[in-house]
Amino acid sequence: MSTRNTDSDEVRRPVPLLDLKRQYAPLKEEIVEALAKIVDHGWFVLGQEVKDLEANIAAYSQAKHGIACASGSDALLLALMAYDIGPGDEVILPSFTFFATASAVTRLGATPVFADIDPLTYNLDPIATASLITPQTKAIIPVHLFGQTVDIHAFLALSEEHGIPIIEDAAQAIGAEWKGRRAGTMGQIGCFSFYPTKNLGGAGDGGLLTTNDEKLADKLRLLRVHGMSPRYYHPIIGINSRLDSFQAAVLNIKLPHLDRWIDMRTENADRYTSLFKNAGLDEKITLPTAGDDIRHVWNQYVVRVPDGRRDELRQFMLDVKIGCEIYYPLGLHEQECFQSIGCKLGDLTETNRAAKEVLALPIFPEMRADEQETVVARIAEFF
Ligand SMILES: *Cc1c(COP(=O)(O)O)cnc(C)c1O
């Protein structure tokens, strides 16, 4: 690093987008001990640790059933498989989300129908969704983006009126709430990811489904093990999406800390807001907000940079070694791979605008106040 110059070191220091080492350091011994136990007992896949995780996450999310699987992407795929969704079926989802929300649909040969988002929350807009419902619509996948729940009551009303299941993509929103109800258990199935960058991240890939419906839970448990029951008899066609005991052991150790980490993220979000306001920067960029009735878990702190200056600010931040990222630079309807498969599109004006304007800033729980001050000082410098 040769950025030391006349400014104080404090302001010149690089700030990472995420630093997992700070989270793992105090847990290291406990984790190593738990992994050593698994080496001793030798039940490496879907072991007791996985059963414990399923019970723990179900309880945490206020769900009756938890079904662990190999990733958040697989959770979405399994949820759609549980509803026998396939060719000729349509699934309504946002275009402004991570790729996996849509690829679960296309992998089954069904048609993604992309609906626009609310410009304030970046979440799927229920009115836009309603206008795209057809007799072919077999599921709606609202994504609780960046850690904030969607306007779920509007989706539940649509679900009841049309008899369409709601599959919540809660990959970024474990612990988030709408009027005290937890993400992942308001609709029929909730899909969670334990990818290392999520609020509850494992030491590798992992995922989990929640549901209150016992029949669905049984089917999901079957689908994740090749539809096999009893051993080597296959009543239905499933996939291999088992979770390792290693991952479950790490996650069981981390889960009791999750609410504290969410509180730390919330403190960081509040600190950013006051730092930006004190610097007068809330006039230059649009700060994120948390809706009333909502527990935002701040997986991401995403600002909007208007006037076509987003890419310029991002480059500036990268040059001065401040971590930041664009979630997402393109709506999924613009992705090359989806051009030839006949997706259906609503009016995606807000999706297209968000893709040009959003920038995510570091907000990990262990981030220090002085690091946040550096981020804000740098953005002030840019403007
Ligand atoms: C991370 C993520 C997924 C996929 O989860 P993986 O565990 O990485 O497969 C799905 N949807 C959203 C919104 C995500 O952020």
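On a predicted model such as this, the values are computed, not experimentally measured, just so you know. (Residues numbered from 1 in each chain as written. Predicted model: local features only at pLDDT ≥ 70, side-chain atom pairs only at ≥ 80, totals over all residues. Heavy atoms only, no water.)

Here the focus is the pairing of strand E13 (residues 358-361). With burial as the criterion, each face of E13 is covered, one bearing Val358 and Ala360 and the other bearing Leu359 and Leu361. Across four bridges, strand E11 (residues 301-304) lies against E13 in antiparallel orientation. Its bridge partner lying in E13, valine 303 is registered against leucine 359. (Buried < 20%, exposed > 50% of the residue type's maximum accessible area, 1.4 Å probe, protein only. Helix = DSSP H or I, 4+ residues; strand = E, 2+ residues; numbered from the N terminus. Pairing = 2+ DSSP bridges.)

Attention now moves to the sheet that holds strand E7 (residues 181-182). The antiparallel open sheet is built from three strands, whose spatial order is E7-E6-E10. Since the sheet does not close on itself, it has two edges, and those belong to E7 and strand E10 (294-295), each with one partner. Bridge count between strand E6 (residues 177-178) and E10: two bridges; the pairing is antiparallel. Across the sheet, residue tryptophan 178 finds its bridge partner in E10, namely isoleucine 294.

Let us look at the site of the ligand. In the region of the ligand, 16 residues are neighbours, and Gly72, Ser73, Asp169, Ser193 and Lys198 sit closest. Side-chain polar atom of aspartate 169 to a nitrogen atom of the ligand: 2.8 Å apart, as the coordinates give it. Here an oxygen atom of the ligand sits 2.6 Å away from a polar atom, N or O, in the side chain of serine 193. Isolated, the ligand exposes 380 Å² of accessible area, and the fraction of that covered by the protein chains is 93%. Elements with a contribution of two residues or more to the shell around the ligand: helix H5 (72-82) and helix H6 (99-107). Per-element tally for the shell around the ligand: the top contributor is H5, with three residues. By residue class, the composition of the shell around the ligand is six nonpolar, eight polar and two charged. (Near = heavy atom within 4 Å. Polar contact = N/O pair within 3.5 Å; in protein donor to acceptor, adjacent residues only side chain to side chain. Areas by Shrake-Rupley, 256 points an atom, 1.4 Å probe, with all protein chains shown as cover. Nonpolar A, V, L, I, M, F, W, Y, C, P; charged D, E, K, R; others polar.)

The final tally for this structure, using the stated rule, is 20 salt bridges. The partner of aspartate 218 in a salt bridge is arginine 221, and the shortest N-O contact between them spans 3.5 Å. Of this pair, aspartate 218 and arginine 221 both sit in helix H9 (residues 214-223), three residues apart, roughly one helical turn. Judged by its relative accessible area of 42%, aspartate 218 is partly exposed. Arginine 310 serves as the salt-bridge partner of aspartate 311, at 2.7 Å between the closest nitrogen and oxygen. (Salt bridge = Lys/Arg side-chain N within 4 Å of Asp/Glu carboxyl O.)

This paragraph deals with the domain arrangement of the protein chain. Interface size, as often reported, equals the accessible area lost upon joining of the parts. What the domain assignment reports for the protein chain is domain 1 (9-19 + 257-382) and domain 2 (26-256). The gap between the C-alpha centroids of domain 1 and domain 2 is 25 Å. Facing the 43 residues of domain 1 at the interface are 44 residues of domain 2. Of the roughly 3700 Å² buried where domain 1 meets domain 2, counting both sides, 59% is carbon and sulfur surface. Our count for the domain 1 to domain 2 interface comes out at one salt bridge. In this structure, lysine 344 and glutamate 90 form a salt bridge, with 2.6 Å as the shortest nitrogen-oxygen distance. Summed over the shared surface of domain 1 and domain 2, the result is 29 residue pairs in polar contact (both at pLDDT 80 or more). Mapped onto the side of domain 1 that touches domain 2, the elements with two or more residues apiece are helix H11 (258-278), E10, E11, strand E12 (344-345) and helix H13 (349-357). With six residues, H13 is the largest single contributor of residues to the side of domain 1 that touches domain 2. Here the residues of the side of domain 1 that touches domain 2 are counted per class, giving 22 nonpolar, 12 polar and nine charged. (Domains from an automatic or database assignment. Contact = heavy atoms within 4.5 Å. Buried area = accessible area lost by both parts, 1.4 Å probe.)

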